[in-house]
Amino acid sequence: MLRIVTDSSAEISQEEAKRLGIEVLPLTICFGDKTYRDGIDITPQQFYERLVSSDEFPRTSQLSFDELSSLFADAKSKGEEVLVLPISSALSGSYEWAVRAAQESGYDKIHVYDSKCTTYMLEILVREAVRLRDKPAAEVIAALDELRPRITLLAALDTLEYLKRGGRINRTVATVGGLLRIKPVITVSDEGKVELINKSFGMNAALRYISDRFKADKKDERFAVRTIYCMDSGNCLKLKELTGTADAPCENICPVIGAHIGPRAAGIVYVRQK
C-alpha cells in the first residue's frame, strides 16, 4: 500500500490526514522574524486578520528538506513505497526539494509527482490517490495524469494589491486596476501556473463570468464541487447562488495561497467530464 504524502496547500487538516492515513507536511509562513507552520501554528482566520492589519507582507517557504529526508529514511527502513504530491513546481520549490531529497535517500521506491496545481485542486488529486492506494504506483500515477487536466479552478480577485505586494504584478498595473475597479479572474493552467483569463469591471461581473464558464462545462459528477474564498465569504455566497451550487460548502483558502490572492476573493473548483 502506498504511503501518501502531500503539503498543507492541499487544504487537508492534520486531523483529516490521520483519518485518511496520509501525511500532510506544513509549508511555512513568515511575518518578520516569526515563522509559522501552516495548519499547525496558525489558522487561516488568524493569518488573514494579520495580513490585512500588518504593514509586513508575509513570506512563504517550501517544504523542509530535513523533514522530507527524515520521512524518506523512515520509509526506506520499513520498505514502504512513497508517493509525494506537493504544490505545483511552477509555484514553489517544494517539488524540486522533494526530488532532491528522494535522490539523496538512495531509495528507489519514492515517487515525487508534480501536481501542477494547489489548494482544492490538489486536494482532489490527493483523495484520488488515497482511493487507489492499493494499486501499483504506476497505475495510480497514470490515473492522476488523466485526472489532473480535467480539474478546473476559476477565481475572482477583489484587489490587485496582494499580487503587487507579492511581486506578481508591478505597482502601476495595480494602481490603474484599482482605479478602474478591474477584478481579475484567474485559473491554474495545465502547466501549473497562475494565469489571468479575464478582466471584469466590478466583482459582480467577475462572478458572472465564472458562473457562465462553470455552467458551460460538463462536470464529472463523481467529484464534489468546491466553492472557495479568502477571509470573507460574502462573494463566495454570491457565486454559489449564481452557479446553483447551494450544497457546496464555502471553503477558506489556506494562508500560503491566500497571501497572494487577498481578502474577498472567491472561486470554484470542479472536475470536467472526460
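Residues numbered from 1 in each chain as written. Predicted model: local features only at pLDDT ≥ 70, side-chain atom pairs only at ≥ 80, totals over all residues. Heavy atoms only, no water.

Q: I'm lost on the sheet that holds strand S10 (residues 194–201) in this one. Help?
A: Note on sheets: strands pair through backbone hydrogen bonds, and any given pair is parallel or antiparallel. Taken in spatial order, the six strands line up as S10-S9-S8-S13-S11-S12 in an open sheet, and their pairing is mixed. The open sheet has two edge strands, S10 and strand S12 (250–252), and neither has a second partner. Strand-to-strand twist across the sheet, computed as the mean angle between neighbouring axes with direction ignored, equals 25°. (Pairing = 2+ DSSP bridges. Helix = DSSP H or I, 4+ residues; strand = E, 2+ residues; numbered from the N terminus. Axes fitted to C-alpha atoms, helices over the stretch in contact; angles between N-to-C directions.)

Q: Honestly, the layout of surface pockets in this entry has me stumped. Any pointers?
A: A water-sized probe rolled over the atoms picks out the places where empty space is left. When its volume is computed, the second largest pocket comes out at roughly 180 Å³. Lining the second largest pocket are 13 residues, with Ser8, Ile12, Ser13, Asp38 and Gly39 positioned closest to its centre. Of the residues assigned to the lining of the second largest pocket, the class counts are six nonpolar, four polar and three charged. (1 Å grid on protein atoms, 1.4 Å probe; cavity = no way out; pocket = protein on both sides within 12 Å on 5 of 7 lines; lining within 4 Å. Points joined across faces, edges and corners; volume = space filled by probe spheres on them. Nonpolar A, V, L, I, M, F, W, Y, C, P; charged D, E, K, R; others polar.)

Q: Mind showing me how you'd approach the nonpolar core here?
A: The nonpolar side chains of a soluble globular protein tend to be buried with one another. In this structure, Ile22, Phe72, Leu85 and Val126 are the most contacted members of the largest nonpolar core, which totals 68 residues. Among the elements that line this core, the one with the most residues is helix H5 (residues 119–131), at eight residues. Not counting chain neighbours up to four residues away, the residues in contact with valine 126 comprise Ile4, Thr6, Ala10, Ile12, Ile22 and Leu85. Leu154, Met203, Leu207 and Ile268 belong to the second largest nonpolar core, which has 14 residues in total. (Core = buried A, V, L, I, M, F, W, Y, C linked by side-chain atoms within 4.5 Å. Buried < 20%, exposed > 50% of the residue type's maximum accessible area, 1.4 Å probe, protein only. Contact = heavy atoms within 4.5 Å.)

Q: Looking at this model, I keep getting lost on helix H3 (residues 65–78). Mind explaining?
A: Since there are 3.6 residues in each turn of an α-helix, residues three or four apart along the chain are aligned in direction. The end-to-end C-alpha distance of H3 is 20 Å, a good match for the 20 Å that 14 residues give at a rise of 1.5 Å each. All of the buried residues in H3 are Phe65, Leu68, Leu71, Phe72 and Ala75. For H3, the buried positions fall inside an angular range of 130° around the axis, keeping them on one side. Every exposed residue of H3 that faces more than 90 degrees away from the buried side is listed here: Asp66, Ser77 and Lys78. (Expected span 1.5 Å × (residues − 1). Arc of directions from axis to C-beta.)

Q: How should I be thinking about the sheet that holds strand S4 (residues 34–37) in this particular structure?
A: An order of S4-S3-S5 is seen for the three strands of this open sheet, with the pairing classed as antiparallel. Bordering the open sheet on either side are S4 and strand S5 (59–61), each of which pairs with just one other strand. Adjacent strand axes in the sheet meet at a mean angle of 25°, parallel and antiparallel pairs treated alike. Two elements, strand S3 (residues 28–31) and S4, share four bridges in a ladder whose sense is antiparallel. If you follow phenylalanine 31 over to S4, its bridge partner there is lysine 34.

Q: Hey, could you run me through the pattern of salt bridges in this one?
A: One side chain can pair with another of opposite charge once the charged atoms of both are near each other. Tallied over the entire structure, the rule returns 17 salt bridges. Between arginine 100 and glutamate 104 there is a salt bridge, with the nearest N and O atoms lying 3.1 Å from each other. Of this pair, arginine 100 and glutamate 104 both sit in helix H4 (residues 94–105), four residues apart, which is roughly one turn of that helix. One salt-bridge network, in which partners are shared between bridges, spans Arg3, Glu23, Asp74, Lys78 and Glu80. (Salt bridge = Lys/Arg side-chain N within 4 Å of Asp/Glu carboxyl O.)

Q: I keep staring at the packing of H5 against helix H6 (residues 137–147) and nothing clicks. Help me out?
A: A packed helix pair is summarised by two numbers, namely the angle formed by the two axes and the spacing between the axes. Where H5 meets H6, the axes come as close as 10 Å, and the angle between the chain directions of the two elements is 150°. In terms of axis orientation, H5 runs roughly antiparallel to H6. H5 and H6 meet at a crossing whose hand is right-handed. Along the contact surface, H5 presents Ile124, Leu125, Glu128 and Ala129, while H6 presents Val140, Leu144 and Leu147. Among the residues making up the contact of H5 with H6, the classes are represented as six nonpolar, no polar and one charged. (Parallel < 35°, antiparallel > 145°, perpendicular 65-115°, else oblique. Left-handed = near helix turned anticlockwise from the far one by under 90°.)

Q: Could you clarify how one ought to interpret the environment of isoleucine 29 in this entry?
A: Considering the arrangement of structural elements, one finds isoleucine 29 in strand S3. C-alpha separation for the pair isoleucine 29 and valine 256, spaced 227 residues apart in sequence, amounts to 6.8 Å. When near neighbours in sequence (up to four residues on either side) are disregarded, isoleucine 29 contacts Lys34, Thr35, Tyr36, Asp38, Ile42, Phe47, Pro58, Arg59, Thr60, Pro255 and Val256.

Q: What should I look at first to understand the side chain of aspartate 114 in this one?
A: By the element assignment, aspartate 114 lies in the loop between strand S7 (110–112) and H5. As a buried residue without a salt bridge, aspartate 114 has its nearest oppositely charged side chain in lysine 116, at a separation of 5.4 Å. For aspartate 114, the side chain forms a polar contact with the side chain of serine 89, separated by 2.6 Å. Polar contacts involving the side chain of aspartate 114 include one to the main-chain amide nitrogen of lysine 116, which spans 3.2 Å. In this view, aspartate 114 contacts Ser88, Ser89 and Tyr95; residues no more than four positions away in its chain are not counted. (Lys, Arg positive; Asp, Glu negative; His and termini not counted. Polar contact = N/O pair within 3.5 Å; in protein donor to acceptor, adjacent residues only side chain to side chain.)

Q: How should I be thinking about helix H9 (residues 203–216) in this particular structure?
A: An ideal rise of 1.5 Å per residue puts 20 Å on 14 residues; H9 measures up with 20 Å between its terminal C-alpha atoms. For H9, the set of buried residues is Met203, Ala206, Leu207, Ile210, Ser211 and Phe214. In a view along the axis of H9, the buried residues occupy a sector of 140°, so they form one face of it. Exposed and facing more than 90 degrees away from the buried side of H9 are Asp212, Lys215 and Ala216. Lining the buried residues of H9 we find strand S8 (151–156), strand S9 (182–188), S10, helix H10 (234–243) and strand S13 (266–271).

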